[in-house]
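The residues making up each chain are set out below.
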Amino acid sequence: MNVLVIGGGGREHALCWKISQSPLVERLYCVPGNAGTAMEAKVENVAIAVDDYDGLLQFARERNIELTIVGPEQPLVEGIGDRFRQQGRLILAPSAAAAQLEGSKIFAKELMNRSGVPTAEFVTFRDLASVQAHLRQASYPLVIKADGLAAGKGVAVCHEHPAAEAFVNKLIEQRLFGRSGERLLVEAMLTGREVSVIGLCCGDEFRLMLPARDHKSLREAGEGPNTGGMGAFTPVAELDSAFLDRVAQRVFYPVLHQLKAEGMPFHGVLYAGLMVQEGEPQVLEFNVRFGDPEAQPLLFHFDGDLLPHLLAVARGELSSEPFRWRSGCSLCVVLASDGYPGAYEKGLPLPQAAAESCGKDIKLFHAGTTMQGDRLVTSGGRVLGLTVHAHDIKQARDLAYKQLPALSFPGAQFRQDIGLP
Ligand code: AMP
Ligand code: GLY
């Protein structure tokens, strides 16, 4: 069959790499893809904008695409799933109604309250005066979140009143709050260890992947600004199958059941960002897609053909096969451009090794890369994700950090502590 993958980051390279290995796949198209996706067997990049839904549908018709897989949140929240299904096309994407779980943090929090899912206490605001009054008398620390999609810029943990006020002003400047009905929420700060659990879901049935841990801050030990993720690994040693059972019972089942009961059954990939204290999960956020960079180690660690699982969900059912995983663990270290997550230069040359790194236990997933003539150059904030598999986390770290210097480029930033406790 012919498959279309939408997106152009490291997650989409990992999806293309994994899916292209399926014997079911004849051709795989990636919109817009990156230099790494174009290097995979069977894969061709296609220059269509990811929000050109008419263009994507026309392409799907012309190329006889039997399954479309969507990586990033924007098209999901804007309803690409509904549009494709209205035209009778199989797509791995929830409805726009169910995608509000990621598109509106307030929708997600209210749904969690209605379904009894553990999450931080919160208050919502739609006007500046009332949020300012609240922040003056609130106890700190607290967390402020813009309601809608904000490309990672909509959340701040604030330890004192001036920082909270400054962040609200920044949201107003960025047009994320206060102008035309945008809302925000203020919630209690939770403590513990973060973990991401991703499930394939159909109505209130679901199958969970192994827990993965993302490292979100730019620098080691939680220092520096928040990023999309500087590295990730799976599984997480201290989280056993009893933990996953708790996540299933306390988080996935109630929220999926509630969505179904309210007429918005969820079909697709659901990501729960959790804070865990003494083994008890509380939900920080939901996403309606694979995480990036969590997808890189998860898909590298997945044993066997992923495509039948994704195809089944797009058809509205779960595959009867359980997920199978390689033994040991998989880990991804991200190399980012100088300046990321702020402004950065593009077009910097990448070493030859970036076009070659691949093997059973090492795979370089590209993110912000492109070909300029015959030169491989940077084109984004997160550039490469070196992903390795090994017997244990220590060996995975040793393997990754031994390979990394050969992949570096001018100004490259990466964390030294991916996979450390
Ligand atoms: P979100 O997009 O809601 O996941 O927030 C981004 C990041 O902010 C999370 O990965 C956490 O590191 C942090 N965060 C969000 N909500 C909270 C909270 N209630 N307590 C502590 N940290 C939080
Ligand atoms: N790694 C976090 C995310 O994909 O949202």
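Residues numbered from 1 in each chain as written. Chains lettered and ligands numbered in written order. Predicted model: local features only at pLDDT ≥ 70, side-chain atom pairs only at ≥ 80, totals over all residues. Heavy atoms only, no water.

## A closer look at the sheet that holds strand E12 (residues 213–214)
No. 1: Strand order in this open sheet of five strands is E12-E13-E16-E20-E17, and the pairing throughout is antiparallel. The open sheet has two free edges, formed respectively by E12 and strand E17 (362–366), since each of these has just one partner strand.
No. 2: Bridge count between strand E13 (residues 231–234) and strand E16 (residues 329–336): four bridges; the pairing is antiparallel. What sits directly across from Thr234, in E16, is Ser330. (Pairing = 2+ DSSP bridges. Helix = DSSP H or I, 4+ residues; strand = E, 2+ residues; numbered from the N terminus.)

## Considerations on the site of ligand 1
No. 1: Taken together, 13 residues form the shell around ligand 1, and within it Lys145, Glu187, Leu190, Glu194 and Glu285 come nearest.
No. 2: The separation between a nitrogen atom of ligand 1 and a polar side-chain atom of Glu187 is 2.7 Å.
No. 3: Taking Ala188, its main chain carries an N or O atom lying 3.0 Å from a nitrogen atom of ligand 1.
No. 4: Isolated, ligand 1 exposes 460 Å² of accessible area, and the fraction of that covered by the protein chains is 89%.
No. 5: Secondary-structure elements contributing two or more residues to the shell around ligand 1 are strand E7 (142–146), strand E9 (184–188) and strand E15 (280–287). (Near = heavy atom within 4 Å. Polar contact = N/O pair within 3.5 Å; in protein donor to acceptor, adjacent residues only side chain to side chain. Areas by Shrake-Rupley, 256 points an atom, 1.4 Å probe, with all protein chains shown as cover.)

## Here's the deal with helix H6 (residues 96–103)
Each α-helix turn comprises 3.6 residues. Residues three or four places apart therefore point the same way.
No. 1: Every buried residue belonging to H6 is among Ala98, Ala99, Leu101, Glu102 and Gly103, and all of these are buried.
No. 2: Buried-residue contacts for H6 involve helix H4 (73–77), helix H7 (105–115), helix H10 (241–261), strand E14 (267–277) and E15. (Buried < 20%, exposed > 50% of the residue type's maximum accessible area, 1.4 Å probe, protein only. Contact = heavy atoms within 4.5 Å.)

## Side note on the environment of Pro322
No. 1: Residue placement: Pro322 occurs in the loop between helix H12 (307–314) and E16.
No. 2: You can call Pro322 exposed: its relative accessible area is 52%.
No. 3: Setting aside its immediate chain neighbours within four residues, Pro322 contacts Arg207 and His309.

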